[in-house]
Amino acid sequence: LIQDSAGVVRGDNAAGLTIMGYVPDLSEEIRKCDLVVVPYHPACYRARGSGIVWDAIASGVPVIAPSGTASGALIESSGAGKTFRSLSLD
């Protein structure tokens, strides 16, 4: 599931992939997930929180987010998921 309320992600809904635009209750969609990945650019989220991350943690859904961000620090301190250091597939 890719949620893109801005409509900038282009592509087809391939097998196993759904691209969603704006949804009125994103937390409901998050609760249906097994894992949430937020590939935020660390410089943009160093001091900013994320409603997606907060909703996932509150729902018990594990999160993967960049280290060096406010969300990454919350995830690391709570044990709610894992962080990554580089914006790459590796």
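Everything below is about the structure printed above this text.
In what follows, the accompanying structure is described. (Residues numbered from 1 in each chain as written. Predicted model: local features only at pLDDT ≥ 70, side-chain atom pairs only at ≥ 80, totals over all residues. Heavy atoms only, no water.)

## Comments concerning the overall build of the chain
Rules: Per the convention used, a helix needs a DSSP run of H or I reaching at least four residues, while a strand needs a run of E reaching at least two, with both numbered from the N terminus. We compute the radius of gyration from the C-alpha atoms alone; for a globule the expected value is 2.2 Å times N to the 0.38, where N is the number of residues. Note on classification: 1.4 Å probe, protein chains only; a residue is buried when its accessible area is under 20% of the maximum for its type, exposed when over 50%, partly exposed between these limits. Contacts between residues were defined by any pair of non-hydrogen atoms, one from each residue, lying within 4.5 Å. Accessibility throughout is a Shrake-Rupley quantity obtained with a 1.4 Å probe, and a residue counts as covered only by protein chains that appear here. By the counting scheme adopted, Arg and Lys are positive, Glu and Asp are negative, and His together with the chain ends is not counted. The atom standing in for a charge is NZ when the residue is Lys, CZ when it is Arg, CG when it is Asp and CD when it is Glu.
Scanning the chain from terminus to terminus reveals four helices and five strands. When the elements of the chain are put in sequence order from the N terminus, they spell out β-β-α-β-α-α-β-α-β. Since a compact globule built from 90 residues should have a radius of gyration of about 12 Å, the 13 Å found for the chain is in line with a globular shape. In terms of principal-axis extent, the alpha carbons of the chain reach across some 35 × 25 × 20 Å. Counting across all 90 residues of the chain, residues that qualify as buried make up 27%. The contacts of the chain with a sequence gap of at least 6 include a subset with a gap of at least 24, amounting to 34%. Roughly 5,900 Å² of accessible area belongs to the chain as shown, and the carbon and sulfur atoms make up 54% of that amount. Here the chain holds 7 positive side-chain charges and 9 negative ones, and the gap between their average locations is 8 Å.

## Considering the environment of Leu-26
Tracing the backbone through its elements, the reader meets Leu-26 in helix H1 (residues 26-31). Among the residues examined, Leu-26 registers a relative accessible area of 23% and is labelled partly exposed. For the pair Leu-26 and Asp-55, spaced 29 residues apart in the sequence, the C-alpha separation amounts to 8.6 Å. Those residues in contact with Leu-26 that sit more than four places away from it in its chain are Gln-3 and Ile-52.

## Some words on the side chain of Ser-71
Summarising the element assignment, Ser-71 is placed in helix H4 (residues 70-78). Apart from residues lying up to four places away in sequence, Ser-71 is in contact with Arg-48, Gly-49, Ser-50 and Val-53.

## Section: the packing of helix H3 (residues 51-59) against H4
Under the convention used in this document: Where helices are involved, their axes are fitted lines through C-alpha atoms of the stretch in contact, as for all axes, and angles between N-to-C directions lie from 0 to 180°. For this classification, under 35 degrees means roughly parallel, over 145 means roughly antiparallel, 65 to 115 means roughly perpendicular, and everything else is oblique. What makes a crossing left-handed is the near helix being turned counterclockwise from the far one by less than a right angle; a clockwise turn instead makes it right-handed. Under the grouping applied here, Gly and all other residues not named as nonpolar or charged are polar, the nonpolar ones being Ala, Val, Leu, Ile, Met, Phe, Trp, Tyr, Cys and Pro and the charged ones Asp, Glu, Lys and Arg.
At a minimum axis separation of 10 Å, H3 and H4 run at an interaxial angle of 15°. The angle between the axes of H3 and H4 places the two elements in the roughly parallel class. The interaxial crossing formed by H3 with H4 has right-handed handedness. From H3, Val-53, Trp-54 and Ile-57 reach across to H4, where they touch Ser-71, Leu-74, Ile-75 and Ser-78. A breakdown of the residues in the contact of H3 with H4 according to their chemical character gives five nonpolar, two polar and no charged.

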